[in-house]
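The lines below spell out each chain.
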Amino acid sequence: MDWAKRIEADPEVSHDVVEGDDSVINTTTMWYLLTITELKMTFATIAGAYIILITLIYIFQSNLIYFPIKNVDINPETIDIEYESIIFESNDKTKLHAWYVPKKDANTTILFLHGNAGNISHRLDSIKLFNSLGMNVFIFDYRGYGNSEGSSNEQNTYDDARSAWDYLIKNKKVKAED
């Protein structure tokens, strides 16, 4: 085909024509190829950034979930409640700190798992409420919180809760149904 006829037949064809093997590359085609290349590069950059972000979240997930505070500034005595400060060991011998707040003639004991932030000293209002309702309260700090040793992660949290339960059953003679 004659180049002039091809240019007349397709107004999009540039005057900058590349000849060879009966092909024509026009500016629209070049723009299209450039756009596809830019899109691929943009997608690769976004995918790479996403992979890096997910990797960082995975590596630092404990820092995004657990917010321990080490300082135990107050205790139940501050609000005129009798308590016993206890150090007990987890299954792997990590020392954990707890308070046992007894209530005379209580039939129920609460194992209080305080959540992912702060420490036991930030739960005095709840301790007072449960105690005023006639319940013993056993509250402890997970690893890395308050006066407990170690560092927090999901598996340690489970282990600490089991260890606190075992301590109550064995040392405070609490029955599971109580």
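Each remark here, short or long, concerns the structure printed above.
Notes on the structure follow. This is a predicted model, so every value here is computed, not measured.

## Quick word on the nonpolar core
Next up, step 1: Ile-86, Phe-88, Ala-98, Phe-138 and Phe-140 are the most contacted members of the largest nonpolar core, which has 14 residues in total.
Next up, step 2: If you list the elements that add at least two residues to this core, you get β2 (84–89), β3 (95–101), β6 (135–140) and α5 (154–171).
Next up, step 3: Those residues in contact with Phe-138, other than ones at most four positions away along the chain, are Ile-86, Phe-88, Ala-98, Trp-99, Tyr-100, Ile-110, Leu-111, Phe-112, Ala-164, Tyr-167 and Leu-168.
Next up, step 4: Counting 11 residues, the second largest nonpolar core, distinct from the first, contains Ile-81, Trp-99, Ile-120 and Ile-139.

## Here's the deal with α5
Next up, step 1: Between its first and last C-alpha atoms α5 spans 26 Å; for 18 residues at 1.5 Å apiece the expected length is 26 Å, and the two agree.
Next up, step 2: Asn-156, Thr-157, Asp-159, Asp-160, Ala-161, Ser-163, Ala-164, Tyr-167 and Leu-168 are the residues of α5 that are buried.
Next up, step 3: At its buried positions, α5 is contacted by β2, β3, β4 (108–113) and β6.
Next up, step 4: Of the residues flanking the start of α5, the one acting as N-cap is Asn-153, its side-chain oxygen 3.1 Å from the backbone nitrogen of Gln-155.
Next up, step 5: Where α5 terminates, the next one or two residues include Lys-173, which has phi positive at roughly 55 degrees.

## Notes on a nonpolar patch on the surface
Next up, step 1: Together, Tyr-50, Ile-51, Leu-53, Ile-54, Ile-57, Leu-64 and Ile-65 give the surface a local cluster of nonpolar side chains, amounting to about 670 Å² of exposed area.
Next up, step 2: Of all elements in the fold, only α2 (27–59) and α3 (61–65) reach the threshold of two or more residues within the nonpolar patch.
Next up, step 3: Per-element tally for the nonpolar patch: the top contributor is α2, with 5 residues.
Next up, step 4: Its location among the elements puts Leu-53 in helix α2.

## Observations concerning the pairing of β2
Next up, step 1: Taken together, the 6 bridges between β2 and β3 define a ladder with antiparallel strand orientation. Considered in β3, the bridge of Ile-86 is made with Ala-98.
Next up, step 2: Counted between consecutive antiparallel strands, the loop separating β2 from β3 contains 5 residues, among which Lys-93 sits at a positive phi close to 75 degrees.

## Digging into the pattern of salt bridges
Next up, step 1: Taken as a whole, this structure holds 4 salt bridges when the rule is applied.
Next up, step 2: Arg-143 is the salt-bridge partner of Asp-92, the closest N and O atoms lying 2.9 Å from each other. Placement of Asp-92 in the loop between β2 and β3 and of Arg-143 in the loop between β6 and α5 is noted, with a sequence separation of 51 residues between them.
Next up, step 3: For Asp-92, a relative accessible area of 45% translates into the label partly exposed.
Next up, step 4: A relative accessible area of 4% places Arg-143 in the buried class.
Next up, step 5: In this structure, Asp-159 engages Arg-162 in a salt bridge whose closest nitrogen and oxygen atoms are separated by 2.9 Å. Taken together, the residues Asp-159 and Arg-162, both in helix α5 and 3 residues apart, mark about one turn of the helix.

## Description of the environment of Phe-67
Next up, step 1: Mapped onto the elements, Phe-67 comes out in strand β1 (residues 67–68).
Next up, step 2: Each residue touching Phe-67, except ones within four places of it in the same chain, is listed here: Asn-116, Ala-117, Gly-118 and Tyr-145.

## Concerning the pairing of β3
Next up, step 1: For β3, a buried count of 6 out of 7 residues is recorded, marking the element as mostly surrounded by other parts of the structure.
Next up, step 2: Of the pairings in the sheet, the one linking β3 to β6 comprises 4 bridges and is antiparallel in character. Bridge pairing in β6 links Val-101 to Val-137.

## Let's talk about the side chain of Arg-123
Next up, step 1: Along the chain, Arg-123 falls in the loop between β5 (117–118) and α4 (124–132).
Next up, step 2: Here Arg-123 occupies a buried position and makes no salt bridge, while the nearest side chain of opposite charge, Asp-141, is found at 7.1 Å.
Next up, step 3: A distance of 3.2 Å separates a polar atom in the side chain of Arg-123 from the backbone oxygen of Asn-119.
Next up, step 4: Sequence-distant contacts of Arg-123, defined by excluding residues within four places in its chain, comprise Phe-112, His-114, Ala-117, Gly-118 and Ile-139.

Criteria and thresholds
- Residues numbered from 1 in each chain as written.
- Predicted model: local features only at pLDDT ≥ 70, side-chain atom pairs only at ≥ 80, totals over all residues.
- Heavy atoms only, no water.
- Core = buried A, V, L, I, M, F, W, Y, C linked by side-chain atoms within 4.5 Å.
- Buried < 20%, exposed > 50% of the residue type's maximum accessible area, 1.4 Å probe, protein only.
- Helix = DSSP H or I, 4+ residues; strand = E, 2+ residues; numbered from the N terminus.
- Contact = heavy atoms within 4.5 Å.
- Expected span 1.5 Å × (residues − 1).
- Polar contact = N/O pair within 3.5 Å; in protein donor to acceptor, adjacent residues only side chain to side chain.
- Patch = residues over 30% accessible without salt bridge, like charges linked within 9 Å, V, L, I, M, F, W, Y side chains within 5 Å.
- Areas by Shrake-Rupley, 256 points an atom, 1.4 Å probe, with all protein chains shown as cover.
- Salt bridge = Lys/Arg side-chain N within 4 Å of Asp/Glu carboxyl O.
- Pairing = 2+ DSSP bridges.
- Lys, Arg positive; Asp, Glu negative; His and termini not counted.

Limitation: the analysis is restricted to geometry and does not speak to function.
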